[in-house]
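# An overview of the molecular structure
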Amino acid sequence: MSEKAKVIVDGKEFELPVITGTENEKAIDIGKLRAESGGVITLDYGFKNTGSTTSSITFLDGEKGILRYRGYPIEQLAEKSEFLEVAYLLIYGDLPDKETYEKFKREISDSYFVHEDIKKIMDGFPSNAHPMGVLSSVATSLTAFYPASLDPNRSPEGVNLSIKRILAKMPTFAAWTYRRKLGRPIIYPDTAMDYCSNFLNMMFKMPGGRYEVDPVVANALDKLLILHADHEQNCSTSTVRITGSSRGSLYTSISAGINALWGPLHGGANMAVIEMLENIRMDGGDTKKWMDKAKDKDDPFRLMGFGHRVYKNFDPRARIIKKAADEVLEALGVQDPVLDIAKGLEEVALSDDYFVERKLYPNVDFYSGIIYRAMQIPVDMFTVIFALGRLPGWIAQWKEMRENGEPIGRPRQIYVGHTNRTYQPINER
Ligand code: ACO
């Protein structure tokens, strides 16, 4: 017999079905609660206890520190796979065979180039514009260049074309945003280069100059992108799904996701971490003083890169990134004083009652900024790199939502404002 939950409201009892996922996660399905109870809904600020969908893309157990894409542990993918292979896995559900993967990579590299008019859109922004704002605008502008993508009833081939286009062109947009900011000429994509090398080449090559992509840097970037590729129903992914649920196009939904990612409590944390570590360094490196600030409820300061809505254990991505940070800095011969500050903060936090009781551990962003810095990537591009990494996850989630035919996302509310009042003309107020 299937499991049921009982809810009693105003003395009336309602039976609600309990659904169980493949990893034995349970949810009370409240789909009929409002209709059957005569108007009662659930209230859950920040959706801390609310599942918005069923999904077969990513499994995350925050208590045990487990993260798997389509069943494959993140540790194995980070060690053995490549970003585009992981992108294929997330979007299409299984690892590709050799021939399929080669074809997929070729289709992506053939689409690296962007319409020349996109440069004009970019030129419309002040050169000091934040790259995330430019990126989200340019992502939306793809609907103008490919108007067929606006049609919600497109064929699977049409959707696949949009998927490959945005995967291929985002690194070009990202690198060009950076070049414009520095007043440097843009570098066109090189279709002979792999995904990460092509991006680094567009970021750092000077026309007429020599620039050899360092394989250590390209591999580290590839690994970072894998680690960011999906994270189930986080803030930006939920934004992508909810935007797409109105039958919004892939491009506009991704643009919405980029904007949601930008904030410092989400993807923007990687910038905030480096700024925080730099402040601590310039302040003399007294980690205890900053830990005390983080614990002081009257002080708005938070230890950036610490804590997570879902992980109440070590974020498995943070473990991999911490190790990668050591390896990359050593391979590049870079010494970054903020790495020691970060390690010191982590050590103190992991044994501090405040952090232990609240189960606050370093998250994916605590060490990623240190690797980006070693790669010479400027701070305001950190969240852009996160967006490049998260792109396959957003695409996979958008596609799943559309294929499942999910209804438009539209939460309810409990109104707590004025009850009925009578309008007063302005001179009588
Ligand atoms: N520093 C100090 N205290 C913290 C921190 C922190 N970084 N994070 C949480 N807390 C405290 C809160 O003050 C709260 O304490 P209380 O119970 O005494 O009131 C408790 O821990 C629970 O925190 P919430 O804010 O309720 O947890 P929530 O799940 O809403 O927030 C979040 C999660 C936003 C990630 C939070 O931990 C945070 O702000 N961290 C810093 C920003 C950051 O690193 N964000 C990146 C997250 S990863 C990603 O999005 C890619």
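Per chain, residue numbering runs from 1 following the sequence as it is written. Confidence filtering applies because this is a predicted model: local features only for residues at pLDDT of at least 70, side-chain atom pairs given and counted only at 80 or more, and all residues used for totals across whole chains, interfaces and linings. The side-chain figures draw on all heavy atoms in the structure; neither hydrogens nor water molecules are used.

## A word on helix α10 (residues 235–245)
Selection criterion: A 1.4 Å probe rolled over the protein chains alone gives each residue an accessible area, and that area as a share of the maximum for its type sets the label: buried under 20%, exposed over 50%, partly exposed in between. Put simply, DSSP H or I for four residues or longer makes a helix, DSSP E for two residues or longer makes a strand, and each gets a number counted from the N terminus. By the convention used here, residues are in contact when the closest approach between their heavy atoms is within 4.5 Å.
For α10, the set of buried residues is Ser236, Thr237, Val240, Arg241, Gly244 and Ser245. Structurally, α10 contributes buried residues whose contacts are with α11 (250–262) and α18 (382–403). Positioned one or two residues after α10, Arg247 has a phi angle of 70 degrees, which is positive.

## Looking at the pattern of salt bridges
A side chain of one charge can pair with a side chain of the opposite charge when the charged atoms of the two come close. In plain terms, the rule: For this analysis, a salt bridge means a side-chain nitrogen from Lys or Arg found within 4 Å of a carboxyl oxygen belonging to Asp or Glu.
Under the criterion given, the structure shown has 27 salt bridges. Measuring nitrogen to oxygen at the nearest pair gives 2.1 Å for the salt bridge that ties Asp380 to Lys181. Highlighted residues: Asp380 in the loop between α17 (365–374) and α18 and Lys181 in helix α7 (residues 156–182), separated in sequence by 199 residues. Here Lys181 falls in the partly exposed class, since its relative accessible area comes to 29%. Its salt-bridge partner being Lys322, residue Glu346 comes within 3.4 Å of it at the nearest N-O pair. Placement of Glu346 in helix α15 (residues 337–350) and of Lys322 in helix α14 (residues 316–332) is noted, with a sequence separation of 24 residues between them. Overlapping salt bridges, with partners in common, bring together Glu278, Arg281, Asp336 and Arg373 in one network.

## Brief notes about the sheet that holds strand β2 (residues 12–20)
Heads up, the condition is: Paired strands, in this sense, are two strands between which DSSP finds at least two bridges. Angular values range over 0 to 180 degrees, each being the angle between N-to-C directions of two axes fitted as lines to C-alpha atoms, with helices fitted over their stretch in contact.
Reading across from one edge, β1-β2-β3 is the order of the 3 strands in this open sheet, with antiparallel pairing throughout. In this open sheet, the two strands that pair with only one neighbour each are β1 (4–9) and β3 (26–28). Looking at each pair of strands side by side, their axes are set apart by 30 degrees on average, direction ignored. Pairing between β1 and β2: 6 bridges, direction antiparallel. The partner of Val9 across the bridge, within β2, is Lys12.

## Overview of the domain arrangement of the protein chain
To be explicit about the condition: Start and end positions for the domains come from either an automated domain assignment or a database one. The buried area of a pairing is the accessible area, by a 1.4 Å probe, that goes missing from both parts when the two are put together, added over both. N or O atoms within 3.5 Å of each other form a polar contact, as long as, within protein, one can give a hydrogen and the other can take it, and as long as residues adjacent in sequence are counted only when both atoms are side-chain atoms.
When cut into domains, the protein chain gives domain 1 (4–66) and domain 2 (70–411). On a C-alpha basis, the centres of domain 1 and domain 2 stand 31 Å from each other. Opposite the 15 residues of domain 1 that make contact, domain 2 presents 19 residues. Summed over both sides, the interface of domain 1 with domain 2 buries roughly 1,500 Å², with 51% coming from carbon and sulfur. When the area that domain 1 buries against domain 2 is broken down by residue, the three leading residues are Ile57, Thr58 and Leu60, summing to 42%. The interface formed by domain 1 and domain 2 holds 0 salt bridges in total. Between the two partners, domain 1 and domain 2, sit 11 residue pairs in polar contact (both at pLDDT 80 or more).

## Structural notes on the site of the ligand
Where we set the bar: We define proximity as follows: a residue is near a molecule or strand when any one of its heavy atoms falls within 4 Å of that partner. Each accessible area is a Shrake-Rupley result for a 1.4 Å probe, and residues are judged covered by the shown protein chains and nothing else. As a working rule, the residues Ala, Val, Leu, Ile, Met, Phe, Trp, Tyr, Cys and Pro are called nonpolar, Asp, Glu, Lys and Arg charged, and the rest polar, with Gly in that last group.
Of all residues adjacent to the ligand, which total 21 residues, the nearest are Arg302, Leu303, Gly305, Arg309 and Tyr354. A distance of 2.7 Å is found between an oxygen atom of the ligand and a side-chain nitrogen or oxygen belonging to Arg302. Taking Tyr354, its side chain carries an N or O atom lying 2.8 Å from a nitrogen atom of the ligand. In isolation the ligand has 910 Å² of accessible area, and contact with the protein removes 78% of it. Split into classes, the residues belonging to the shell around the ligand amount to 10 nonpolar, 5 polar and 6 charged.

## Some points on α7
To be explicit about the condition: Between the first and last residue of a helix there are one fewer steps than residues, each counted as 1.5 Å, and that sum is the expected span. To get the bend at a residue, fit one axis to the 7 residues ending there and another to the 7 starting there, then take the angle between the axes.
For α7, which comprises 27 residues, the first-to-last C-alpha distance of 40 Å matches the rise-based estimate of 39 Å (1.5 Å per residue) to within 8%. Approximately 30 degrees is the largest bend angle found in α7, and it occurs at Lys169, with the proline Pro171 only one to four residues beyond. Of all 27 residues in α7, 21 are buried, a share of seventy percent or more. At the exit of α7 stands Gly183, carrying a positive phi of roughly 75 degrees.

## Brief notes about the packing of α7 against α18
Rule in force here: In this scheme, roughly parallel covers angles under 35 degrees and roughly antiparallel covers those over 145, while 65 to 115 is roughly perpendicular and the rest are oblique.
It is at 10 Å that the axes of α7 and α18 come closest, and there the two elements cross at 170 degrees. The orientation of α7 with respect to α18, classified from their angle, is roughly antiparallel. Residues Val159, Ile163, Ile166, Leu167, Met170, Pro171 and Ala174 of α7 form the contact with α18, whose own contacting residues are Val384, Ala387, Leu388, Leu391, Pro392, Ile395, Trp398 and Lys399. Residues that form the contact of α7 with α18 fall into these classes: 14 nonpolar, no polar and 1 charged.

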